[in-house]
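Each chain is listed here by its residues.
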Amino acid sequence: MASSLTTLCRRFPTRYGLKRIFASSNILQPTRNKSWDQYIREDLWLKEEGAKSFAEIKEELDFKDPEIHETVDISLPAKQKQLQKKSERLKLLKEIKNDKTLEQAARLRKLHIPLEEVKKDWYKESWSIHAHSIADHYGVYQDLFGYAYFYPRIQLDISFDYDDEYVTPVHRGNKILPSEATEAPHVSFEAPRNTLWTLCLTSPDEHFLEEDKEYVHWLVGNIPGSDISNGEVLCNYLPPIPPRGTGHHRYIFILYKQDKRVDYSHAKRGENCSSLPERTFSTYEFYKEHQDYVTPAGLAFFQSEYDESVQTTFHNILNVREPAFEYDYPPDFHPEQQRYPWKKPFNLYLERYRDKKEIAEEVLKERLSMISPFKELPKQPKYPDVFFMPNKPQWWRLVEHHRRNREGKFKDLPK
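Procedures and definitions
- Residues numbered from 1 in each chain as written.
- Predicted model: local features only at pLDDT ≥ 70, side-chain atom pairs only at ≥ 80, totals over all residues.
- Heavy atoms only, no water.
- Helix = DSSP H or I, 4+ residues; strand = E, 2+ residues; numbered from the N terminus.
- Buried < 20%, exposed > 50% of the residue type's maximum accessible area, 1.4 Å probe, protein only.
- Contact = heavy atoms within 4.5 Å.
- Areas by Shrake-Rupley, 256 points an atom, 1.4 Å probe, with all protein chains shown as cover.
- Pairing = 2+ DSSP bridges.
- Lys, Arg positive; Asp, Glu negative; His and termini not counted.
- Salt bridge = Lys/Arg side-chain N within 4 Å of Asp/Glu carboxyl O.
- Polar contact = N/O pair within 3.5 Å; in protein donor to acceptor, adjacent residues only side chain to side chain.
- Patch = residues over 30% accessible without salt bridge, like charges linked within 9 Å, V, L, I, M, F, W, Y side chains within 5 Å.
- Charge placed at Lys NZ, Arg CZ, Asp CG, Glu CD.
- Phe/Tyr/Trp six-rings, centres within 6.5 Å; stacked < 30°, edge-to-face > 60°.
- Lys NZ or Arg CZ within 6 Å of the ring centre and 35° of its normal.
- Arc of directions from axis to C-beta.
- Disulfide = S-S within 2.5 Å.
- Axes fitted to C-alpha atoms, helices over the stretch in contact; angles between N-to-C directions.

As for the overall build of the chain
Counting its regular elements, the chain contains 15 helices and twelve strands. Here the chain holds 415 residues, and the buried ones make up 31% of them. Long-range pairs, those at least 24 residues apart, make up 68% of the contacts in the chain between residues at least 6 apart in sequence. Of the accessible surface of the chain, which amounts to about 29,100 Å², a share of 52% is contributed by carbon and sulfur atoms.

What follows is the structure, encoded as structure tokens:
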């Protein structure tokens, strides 16, 4: 019986087919407390002798060893005042919700909210939780610390010089182009003078050879208070280098609080380090080695993608050729060509089955015929969609429309 059930499940995989088969039988009816989906998964699926049920297989696949996969909080301890303020805040929110005058003013659009005070209050109360949630969403903790995480306690104010007047700030995942981050940023944070800190800028998305490694872009240790200029530069600043064709890369600032002065001689790179192998870095290994006297306390990060300044960085700073990546797309699927296609524009339909190299060669010849070292390029019409072609079919006019607007296969014609 079990083998026949398995055969039926495989021959009639849809719920409708199974329902038709078993509805007419007096045996194998689902109970009232189970839907047909549950009945199929739990009672009918692979009920051969010795086979595991769907629930047992799912439990095995989802099992995680708590000693290995349990997440660990490595953040600085929260201040007792913050915990007290949280309970006071919840009490205040409850009072505000019950205030009818505030509700009426909000409905009449007469309620004035001081945004600066709200921002200050947010920094005191909720900023750490929200920053943690955003970093967790972007996979920062998983890619840098494995199964450890932390709540940022120190607010980092980081900005790159945009020009003489403006700066480009670093928040939590905002986009900054490499050309906007060619020089080391300005970093400030509140810290007592008698404390020591370590600042690290790393990217978990850049390493070309090892998937679980990073390239360190900036590393400064033993920073007295918030004076980064007097810190020990372990690795000089390197601008972002997201290669062409690799999309957005994350660049993460992490601020560590030190319990004492740390000997970073083994982590120090050469002066003006221009070697990517020397910049190979692992945040996990770095923290594991110094976890007894450094604790992550601040976090900020931005995203960046390729622009022309990346080529300059590779050539002038790293002295290597610029890598470029392309996605190897699978070949386009085309159904079998029909002799008499119904309701298909025949010119587009035929080009769909032409060799792309043949089409590119045709367009290249047309481009070369328009370019001459002794003549200027023909001027584009002011209104390219206005043209008169008597005694021409509609498909011909459509091709001319694409040619005049440099669309489709004509996009490479000179403009």
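Still to come is the rest of the account.
Here's the deal with the pairing of strand β8 (residues 214–224)
Burial analysis of β8 places eleven of its eleven residues in the buried class, the great majority of the element. Pairing of strand β7 (residues 196–203) with β8 involves seven bridges; the strand directions are antiparallel. Following the sheet pairing, Trp197 is matched in β8 by Ile223. Alignment of β8 against strand β11 (residues 280–281), held across two bridges, turns out to be antiparallel. Looking at the pairing, Glu214 lines up with Phe281 of β11. As defined by bridge partners, β8 adjoins strand β9 (residues 232–235) across three bridges and the pair is classed as antiparallel. Each bridged residue has a counterpart across the sheet, and for Val220 the counterpart in β9 is Val233.

Observations regarding the pairing of strand β4 (residues 167–170)
Residues Thr168 and Val170 line the buried face of β4, whereas the alternating positions Val167 and Pro169 sit on a face that is not buried. As defined by bridge partners, strand β3 (residues 157–161) adjoins β4 across four bridges and the pair is classed as antiparallel. Bridge pairing in β4 links Asp161 to Val167.

Here we look at the side chain of Glu206
Secondary-structure assignment places Glu206 in the loop between β7 and β8. Here Glu206 is buried and forms no salt bridge, its nearest opposite-charge partner Arg279 lying at an N-O distance of 8.6 Å. One polar contact links Glu206 to His217, side chain to side chain, over a distance of 2.7 Å. Not counting residues up to four positions away in its chain, the partners in contact with Glu206 are Tyr215, His217, Pro240, Ile241, Pro242, His249 and Tyr251.

Some details on a negative patch on the surface
On the surface, a cluster of negative charge is made up of Asp161, Asp163, Asp164, Glu165 and Glu183. Examined against the element boundaries, Asp164 turns out to sit in the loop between β3 and β4.

Describing the packing of aromatic side chains
For any pair of aromatic rings, geometry is given as the distance between the ring centres together with the angle between the planes. On inspection of all chains with the given rule, the structure shows 19 aromatic pairs. Seen in terms of ring centroids, Tyr141 and Phe150 are 5.4 Å apart; in terms of plane orientation they differ by 75°. Their pairing is edge-to-face. For Tyr141, a relative accessible area of 2% gives the class buried. Considering the side-chain rings of Phe253 and Phe302, the 6.3 Å spacing of their centres and the 40° angle between planes classify their relative orientation as tilted. Of this pair, Phe253 sits in strand β10 (residues 249–258) while Phe302 sits in strand β12 (residues 294–304); the two residues are 49 residues apart in sequence, bridging distant segments of the chain. There is no split in this pair, since Phe253 and Phe302 are both buried. In this structure, Lys260 packs its charged tip against the face of Tyr293, placed 5.0 Å from the ring centre. Sitting above the plane of the Trp396 ring, Lys392 keeps its charged end 4.3 Å from the centroid.

Section: unusual backbone geometry
Unlike most non-glycine residues, Asn272 shows phi in positive territory, near 50°. Note on placement: Asn272 falls in the loop between β10 and β11.

Comments concerning helix α12 (residues 309–317)
Residues Ser309, Val310, Thr313 and Phe314 constitute the buried set of α12. Buried residues of α12, viewed axially, fall in a sector of 145°; they line one side. At the C-terminal side of α12, Asn319 shows a positive phi close to 55°.

Remarks on the state of the cysteines
Counted under the stated rule, the structure contains zero disulfides. Take Cys200: it sits in no disulfide, and the sulfur closest to it among the cysteines is that of Cys235, at 9.0 Å. Overall, Cys200 belongs to the buried group, its relative accessible area being 2%. When its relative accessible area of 1% is taken as the criterion, Cys235 is described as buried.

A few points about the pattern of salt bridges
Between side chains of opposite charge, a pair can form as their charged atoms come close. Across all of its chains, the model carries 13 salt bridges by this definition. Across the salt bridge formed by Arg354 and Glu358, the nearest N and O atoms sit 3.4 Å from each other. When its relative accessible area of 25% is taken as the criterion, Arg354 is described as partly exposed. Owing to a relative accessible area of 43%, Glu358 belongs among the partly exposed residues under this scheme. One salt bridge connects Glu400 with Arg404, and the closest N-O pair in it is separated by 3.9 Å. Of this pair, Glu400 and Arg404 both sit in helix α15 (residues 394–404), separated by four residues, roughly a single helical turn.

Description of a nonpolar patch on the surface
A grouping of Leu90, Leu92, Leu93, Ile96, Leu102, Leu111, Ile113, Leu115 and Val118 is seen on the molecular surface, where their side chains present a nonpolar patch of about 810 Å² in accessible area. Contributions of two or more residues to the nonpolar patch are made by α6 (80–97) and α8 (115–125). Of the residues forming the nonpolar patch, the biggest block, four residues, is contributed by α6. Tracing the chain through its elements places Ile113 in the loop between α7 (100–107) and α8.

Structural notes on the sheet that holds strand β6 (residues 186–188)
Taking strand neighbours across the sheet as the criterion, the three strands line up as β4-β3-β6 in an open arrangement whose pairing is antiparallel. The outermost strands of the open sheet, each flanked by one partner alone, are β4 and β6. Ignoring which end each strand starts from, the neighbouring axes of this sheet average 25° apart.

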